[in-house]
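Next come the chains, spelled out residue by residue.
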Amino acid sequence: MEAHVTFEPISFRKRLKSMLKVDFRRMLRSGLFYILLACALVMPLLMTVMMTMMDGTVSVDPQTGVETVMQGPENTWQNLGTLPGGETMGGMDVFGMCNINMMFMGVCVFVCCFISEDFRSGYAKNLFAVRTKKGEYVISKTLAGVLCGALMLIAYLLGSVLGGAIAGLSFDLHGLTALHLVLCMLAKIFLMPVFVSIFTLISVAAKQKTWLSICGSLGGGMLLFMMVSILTPLASTFFHVVLCLAGGCLFAVGLGAVSKAVLKRTRLV
Amino acid sequence: MNAIEIKNLSKQFGSKQAVCGLDMTVPMGAIYGFIGENGSGKSTTEKMICGLLPIGGGSIKLYGKDYTDESVRSKVGVLIESPGCFPGLTVWDNLMLQAANLSVPNAEQEVIKVLKTVRMEGAAGNKYKNCSLGMKQRVGIAMALLGNPKLLVLDEPLNGLDADGMRILREVFLDVVRDGTRTIVISSHLLGELQKVATHYGIIRHGRMIAEMTADELDASCRTYVALQSGDMDRTKQLLFGKFSRVETDAAGDLRVYDATTPEEIVTYLYENGICVTSIRTDKIGLEEYYIDLMKGGKG
C-alpha cells in the first residue's frame, strides 16, 4: 500500500506568533540593541551635563575676532522639545535639533542591521523556504523595530531626566502638566512606525547590503524628520496622539504592503 | 504520489536562460541525486522548488499541492549554499530559533534529537562562527532536519565533510527515507558518494533535464568492460585496437575493452599473439564515468 502524507495548515496567528517570538528573542540577544539603548541613555546625559558646564564660555574666532558665548540648557525638558515661550527656529540652540527626535533616525541602524543580517547569514533563506507569506515577516520586523524605537525614546527620556538632575537644571514645565509630557511621549512612540516602516522597506529592498540600507534609510527618514517636532511638541494633546497613531498605522500598513510586494517579486538569496 | 512534480519550468536572468522547460519527477521516499555541471541550473531549480526565487514559467507541485501552499512548505527542510545561521549565536541558539520559526513542539527535545543525529551534541554550546567547515555543514543538516520535514532539499551537503562526516550523513539520509514518506533531493559533485545513497537520478544540462532514471536503470545502462594488464602493454594495446572498436586506458593504467566480449576470449586472443595477461577482471562503469560519458554525448 502506498504511504500517504497529510499536511496541516498553519494559522496566521500561529505563524506570526512564532516569527515574533524569534525576532524578539533575537533582538534581546543582540549586542546592537543594548548598544543603541545605552547610547540613547548616555547621550542626553552627557550632552546636558557638558553643555551646562560650558554655559557662558566665550570663544573667539581667531580670524574675525568675533566672540561667541556658549549657551547651555536651562531646562531639562529642552531635551524633548521646545518649551512654551522658548526660542524656535529663529534662534536655534543645539537642543533644537539634537534632542529626543534623533532617536527616530537612530532606530534605522537597528532596523537596517537586523534585516540585512537575516539576508547575509542566510536565515531569510531558511525562513522563506518554510514560510510563503511575506507579510508576517514585514509585520514582525516592523514591530521589533517599533519596540526598539520606543525603548530608545524611553531611554533618552530617562537620560535627560538624569542629566538634568546631575546638572541641576530646572524641571519646570512652563505651564504644561505631566499629562502633556506623557502625551508627547505617546505621540512620539505612535509616530515611530512611520519611520520604522520606511526603514523596513528600504532594508528589504537592499537585502544584505547594510551600508545601502542605512544610507537610504537616513536619506528617506530625513524627508520626514522635520515633521516630528511639529507633530509631537511638548504641549501635545490627545489630538496629536491620535494623529500620530493614525499616521503610524497608515504608513505601517501601506509601506508594509510595498515591502511585502518587494519580497514577493525579488530573489531572496 | 510524487514528492516533486515539475512541468516545463523556466527561469531567465537578464538574457541568460538559466532553466529552460525543465521536467522533473521525484517519487515519494526517494533519495534523488540531482547532477549537473556548474551553472547547469541545479541551484536555480532548487531555489525555485523552495520558493526562494520567483518561477519564470511552468509549474511545481510538492506532494500534489502547489509549491506556494503554506502547509506543504512548512514541511520542507533546506540546505542551500550555506546553513543560514547567525555567526554570533551558539549552535544551540541557532537551532532553537529555527525550531521557534517552525513552531516545533517540544523544541528542546527536538533540537537535542537532531544534534544527536548529526553527532554534534558535544558542540551545541560552540558559537557558530567558531565551528569548522564540516561542523557548519552538519549544523545546516540539523537545521534542515528540524520539524520532521517531508522533503529535504540539500545543495552540496557533502562539501567540507571528512570521511567520517560523509559516512554519518549517508546513515542520516538512509534513516530519513526509511518510512517511505520522506524524500531527499541532493545535488552534489561527489558522484561516488551520491551513488552510495541515491535511489533516483536526474541529470541536468544547460537548464534542461537530459536524463532521469532509477538507480537500477542506471546500473543496467552502465556498460560493462574488461580491464586488463599484461607484460607488454604497448603491444597489447596495438593488438586490442586492431580487434575491438573501443579500447581505452584508464587512470590506473589498465586497458579497458568496452565491446561485448569475455575475459577468456581476450586472454586466448592475446596468448595466440604471444602476450601474457597478468591480471584481468570484468567491471561496470560508475555514476561518475556514466555522467562524464553523457556530458560528452555518449550513452554511458
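Residues numbered from 1 in each chain as written. Chains lettered and ligands numbered in written order. Predicted model: local features only at pLDDT ≥ 70, side-chain atom pairs only at ≥ 80, totals over all residues.

Colleague: Got a minute to help me understand the overall build of chain B in this structure?
Modeller: Each helix and strand counted, chain B has 11 helices and 14 strands in total. Its C-alpha atoms give chain B principal-axis dimensions of roughly 75 × 45 × 35 Å. For chain B, the proportion of its 300 residues judged to be buried stands at 43%. Looking at chain B alone, contacts between residues at least 24 apart form 69% of all its contacts between residues at least 6 apart. (Helix = DSSP H or I, 4+ residues; strand = E, 2+ residues; numbered from the N terminus. Buried ≥ 20, exposed ≤ 12 C-beta atoms within 10 Å, placed from the backbone. Contact = placed C-beta atoms within 7 Å.)

Colleague: Any chance you could explain the sheet that holds strand 5 (residues 65–66) of chain B here in plain terms?
Modeller: Strands belonging to one sheet form pairs held by backbone hydrogen bonds; the direction of such a pair is parallel or antiparallel. Residues and elements named next belong to chain B. With respect to topology, 4 strands assemble into an open sheet ordered 2-1-4-5, the strand pairing being antiparallel. A single partner strand is all that each edge strand has here, and the edge strands are strand 2 (16–27) and strand 5. Summarising the sheet, strand 4 (residues 57–62) and strand 5 pair through 2 bridges and their orientation is antiparallel. Each residue of the ladder has a partner; that of lysine 61, found in strand 5, is aspartate 66. Sheet strands in contact with helix 1 (residues 42–49) are strand 1 (2–13), strand 2 and strand 4, and its direction is about 120° off that of strand 1. (Pairing = 2+ DSSP bridges. Axes fitted to C-alpha atoms, helices over the stretch in contact; angles between N-to-C directions.)

Colleague: So what exactly am I meant to see when it comes to unusual backbone geometry here?
Modeller: Most peptide bonds take the trans configuration, and most residues that are not glycine carry a negative phi. Residues and elements named next belong to chain B. Its identity is not glycine, yet serine 103 carries a phi of approximately 50°, on the positive side. Structurally, serine 103 can be placed in the loop between helix 3 (91–101) and helix 4 (107–117). Of note, histidine 206 is a non-glycine position whose phi angle comes to about 50°, a positive value. The exposure class assigned to histidine 206 is partly exposed, which follows from the 14 C-beta atoms found within 10 Å.

Colleague: Looking at this model, I keep getting lost on the interface of chain B and chain A. Mind explaining?
Modeller: As a measure of interface size, the accessible area lost when the parts come together is often cited. Listed per partner, the contact involves 38 residues of chain B and 31 residues of chain A. Contributions of two or more residues to the side of chain B that touches chain A are made by helix 2 (70–73), strand 6 (76–79) and helix 3 of chain B.

Colleague: What is the right way to read the domain arrangement of chain B from this model?
Modeller: Taken domain by domain, chain B holds domain 1 (2–219) and domain 2 (224–284). Summarising the inter-unit geometry, the C-alpha centres of domain 1 of chain B and domain 2 of chain B are found 43 Å apart. (Domains from an automatic or database assignment.)

Colleague: I would appreciate a short explanation of helix 4 (residues 102–121) of chain A in the present structure.
Modeller: All names here are of chain A. With 20 residues, helix 4 should cover 28 Å at 1.5 Å per step; its first-to-last C-alpha distance of 29 Å lies within 8% of that length. In terms of residue burial, helix 4 counts as a mostly covered element, since 15 of its 20 residues are buried. After helix 4 finishes, the residue glycine 122 shows a positive phi value of roughly 95°. (Expected span 1.5 Å × (residues − 1).)

Colleague: I keep staring at the confidence of the model for chain A and nothing clicks. Help me out?
Modeller: Caution applies to low-pLDDT regions: their predicted coordinates should not be interpreted in detail. Per-residue pLDDT for chain A has a mean of 89; in total, 94% of the residues score no lower than 70. Within the model, pLDDT remains below 50 along residues 88–92 of chain A, and this stretch shows 2 contacts once partners closer than five positions in the same chain are excluded. (pLDDT = per-residue confidence, 0-100.)

Colleague: Can you help me understand the pairing of strand 10 (residues 208–214) of chain B in this one?
Modeller: For a regular strand, side chains alternate in direction, first toward one face of the sheet and then toward the other. Residue and element names in this part refer to chain B. With 6 bridges joining them, strand 9 (residues 200–205) and strand 10 adopt antiparallel strand pairing. Each residue of the ladder has a partner; that of isoleucine 203, found in strand 10, is alanine 211. Taking the residues that link successive antiparallel strands as the turn, the strand 9-strand 10 hairpin has 2 residues, and the phi of histidine 206 there is positive, at about 50°.

Colleague: How should I be thinking about the sheet that holds strand 8 (residues 183–187) of chain B in this particular structure?
Modeller: All names here are of chain B. Taken in spatial order, the 6 strands line up as 6-7-8-3-9-10 in an open sheet, and their pairing is mixed. Taken across any chain shown, the strands that pair with only one partner, and hence form the sheet edges, are strand 6 and strand 10. Shown here is a sheet whose adjacent strand axes are inclined to one another by a mean of 15°, direction ignored. Pairing of strand 3 (residues 31–36) with strand 8 involves 4 bridges; the strand directions are parallel.

Colleague: I'm lost on helix 1 (residues 12–29) of chain A in this one. Help?
Modeller: An α-helix turns once every 3.6 residues. As a result, residues three or four positions apart point the same way. Taking 1.5 Å per residue as the helical rise, helix 1 of chain A with its 18 residues ought to reach 26 Å, and the 26 Å between its terminal C-alpha atoms agrees with that figure. Among all positions in helix 1 of chain A, only Arg15(A), Ser18(A), Met19(A), Val22(A), Asp23(A) and Arg26(A) are buried. Here the buried residues of helix 1 of chain A occupy an arc of 125° about the axis, which is enough to place them on one side. Of the residues in helix 1 of chain A, the exposed ones pointing more than 90 degrees away from the buried face are Arg13(A), Lys14(A) and Leu28(A). Packed against the buried residues of helix 1 of chain A are helix 6 (135–167) of chain A together with helix 3 of chain B. (Arc of directions from axis to C-beta.)

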